[in-house]
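The primary structure of each chain is shown beneath.
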Amino acid sequence: LGINVGGIAGEINGGTFTAITNEGSVSSDKDAVDLYLGGLFGHSKSTTTIDQSWVKSALSSGGHYTGGLVGRLQSGEIKNSYSLGTINAHDNYYN
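Residues numbered from 1 in each chain as written. Predicted model: local features only at pLDDT ≥ 70, side-chain atom pairs only at ≥ 80, totals over all residues. Heavy atoms only, no water.

1. Brief notes about the packing of aromatic side chains
Taken as a whole and judged by the stated rule, the model has 3 aromatic pairs. Ring geometry for F17 against F41: centres 4.9 Å apart, planes inclined by 50 degrees, an arrangement best described as tilted. Of this pair, F17 sits in strand β3 (residues 15-18) while F41 sits in strand β6 (residues 41-51); the two residues are 24 residues apart in sequence, bridging distant segments of the chain. Centre to centre, the rings of W54 and Y82 are 6.3 Å apart; their planes meet at 10 degrees, and the pair counts as stacked. Linking W54 in strand β7 (residues 54-67) with Y82 in strand β9 (residues 82-89), this pair joins segments that are 28 residues apart in sequence. We classify W54 as partly exposed; its relative accessible area is 24%. Across from the ring centre of Y65, 5.5 Å away, lies the NZ or CZ of R72, which sits over that ring. (Phe/Tyr/Trp six-rings, centres within 6.5 Å; stacked < 30°, edge-to-face > 60°. Helix = DSSP H or I, 4+ residues; strand = E, 2+ residues; numbered from the N terminus. Buried < 20%, exposed > 50% of the residue type's maximum accessible area, 1.4 Å probe, protein only. Lys NZ or Arg CZ within 6 Å of the ring centre and 35° of its normal.)

2. Description of the pattern of salt bridges
Taken as a whole and judged by the stated rule, the model has 1 salt bridge. Two residues, K79 and E77, come together in a salt bridge whose shortest N-O distance is 3.8 Å. (Salt bridge = Lys/Arg side-chain N within 4 Å of Asp/Glu carboxyl O.)

Encoded structure:
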């Protein structure tokens, strides 16, 4: 169980995604060990391929798993893809 935040979807169960884009901000002010935040997807639980995709965004998270494209990719690959913008990961969970 966790908190999943993404520009397209919070959580996915795998698949192939081509030419997916996101422009805009993605954020969570929650401080949590189990927070997954990404510009496209917060958490990919199964084999995922992301190809020819991009994010132009400001990302802000209080979690351990924060990424420009995917917060946590359990298995799979990201190719020919990129993220532009800022990532602010402010982990205050243990403070």
